[in-house]
Amino acid sequence: MGFLDILLGRSKPAAPDLDRLFGLPSAAVTLQAAAGFVPTGTGAVCFASVEGAAFAEAHQEVRDLLDADTGRTGSPVEIGRDEYGYSWLVSRRAPDDLPALVSDLHAVNSSLEGTGFGPQLLCSVVAFEDAEKRRLGLVYLYKRGTFYPFAPLTGGGERRDNALELQVKAALADDLRIEQDLARWFPIWGAPGL
């Protein structure tokens with residue numbers, strides 16, 4: 001950041017730090033103790049699709065990398081699109097194997113970033129659920145390097161449980177780098193696992 005940027009009040013955006021994803025397993029312990037939420041075993045990476053052979057090849061490499069894991073339990077990696085046109089690469093693991101799920105998400109992000117498609121990465125999400133079957137996603141914003149909770153209300157419609165999101169924000173403040181700008185807590189309606 002230069003002198004002119006300081007004078008004009010511009011700030012340099014935080015660089016993505018994919019290693020922050022590895023903080024999720026310890027944050028999950030805190031989340032379970034504070035709010036009773038446990039991992040469901042579902043995680044996903046959202047990215048803007050790009051047409052072309054290079055992106056299709058990178059996409060297939062990521063899928064092959066994750067599907068090559070001989071220790072994988074459950075279904076293979078799935079790829080889908082949401083109603084907004086964004087692509088989701090979904091990984092499913094045993095609910096008690098959050099470290100492996102986080103490694104999958106890290107591998108997807110790293111692979112796409114390494115092949116030059118980092119600007120297409122939007123977010124990663126890990127799904128959680130409590131005893132009342134309420135869903136919660138911990139969302140990692142790739143371009144900000146921060147996390148935020150997303151809690152859709154059950155019963156249909158696009159409504160959020162804002163009180164739960166703020167409760168989770170407070171509970172995880174020491175475990176994860178939480179996005180402080182609430183306007184950036186984008187809803188991810190229809191995200192896998194939520």
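Look above for the structure.
Residues numbered from 1 in each chain as written. Predicted model: local features only at pLDDT ≥ 70, side-chain atom pairs only at ≥ 80, totals over all residues. Heavy atoms only, no water.

To continue, consider the packing of helix α2 (residues 24–35) against helix α5 (residues 162–171). Where α2 meets α5, the axes come as close as 10 Å, and the angle between the chain directions of the two elements is 125°. By the angle class used here, α2 and α5 are oblique. Classified by chirality, the crossing of α5 by α2 is right-handed. Contacts between α2 and α5 involve Thr30, Leu31, Ala34 and Ala35 from the former and Gln167, Val168 and Ala171 from the latter. Split into classes, the residues belonging to the contact of α2 with α5 amount to five nonpolar, two polar and no charged. (Axes fitted to C-alpha atoms, helices over the stretch in contact; angles between N-to-C directions. Helix = DSSP H or I, 4+ residues; strand = E, 2+ residues; numbered from the N terminus. Parallel < 35°, antiparallel > 145°, perpendicular 65-115°, else oblique. Left-handed = near helix turned anticlockwise from the far one by under 90°. Contact = heavy atoms within 4.5 Å. Nonpolar A, V, L, I, M, F, W, Y, C, P; charged D, E, K, R; others polar.)

Another aspect to go through is the pattern of salt bridges. On inspection of all chains with the given rule, the structure shows ten salt bridges. Residues Glu132 and Arg134 are paired through a salt bridge, measuring 3.8 Å at the closest nitrogen-oxygen approach. Taking relative accessible area as the criterion, Glu132 reaches 62% and is therefore assigned exposed. Arg160 is the partner of Glu165 in a salt bridge, and the nearest nitrogen-oxygen pair spans 3.0 Å. Each member of the pair Glu165 and Arg160 is classed as buried. (Salt bridge = Lys/Arg side-chain N within 4 Å of Asp/Glu carboxyl O. Buried < 20%, exposed > 50% of the residue type's maximum accessible area, 1.4 Å probe, protein only.)

For strand β4 (residues 121–129), the buried fraction is high: eight of the nine residues fall into the buried class. Inspection of the sheet shows strand β1 (residues 38–48) paired to β4 by seven bridges, in the antiparallel sense. Bridge assignment links Phe47 to a residue of β4, and that residue is Leu121. Between β4 and strand β5 (residues 135–141), which pair antiparallel and follow one another directly, the connecting turn spans five residues, one of which, Lys133, has a positive phi of 70°. (Pairing = 2+ DSSP bridges.)

Right, let's get into the side chain of Thr40. Tracing the sequence through the fold places Thr40 in strand β1. A relative accessible area of 19% means that Thr40 is categorised as buried. Thr40 has contacts with Arg93, Pro95, Ala127, Phe128, Glu129 and Arg135, leaving out every residue within four places of it along the chain.

Moving on, we get to the packing of α2 against helix α4 (residues 98–117). Pairs of packed helices are described in terms of their axes, by the angle between the two and the distance that separates them. Remark: α2 packs on α4, axes separated minimally by 9 Å, with the N-to-C direction vectors making an angle of 135°. Between α2 and α4, the interaxial angle falls into the category oblique. When the axes of α2 and α4 are compared, the crossing they make is right-handed. Here α2 contributes Leu24, Pro25 and Ala28 to the contact with α4, which in turn contributes Leu98, Pro99 and Val102.

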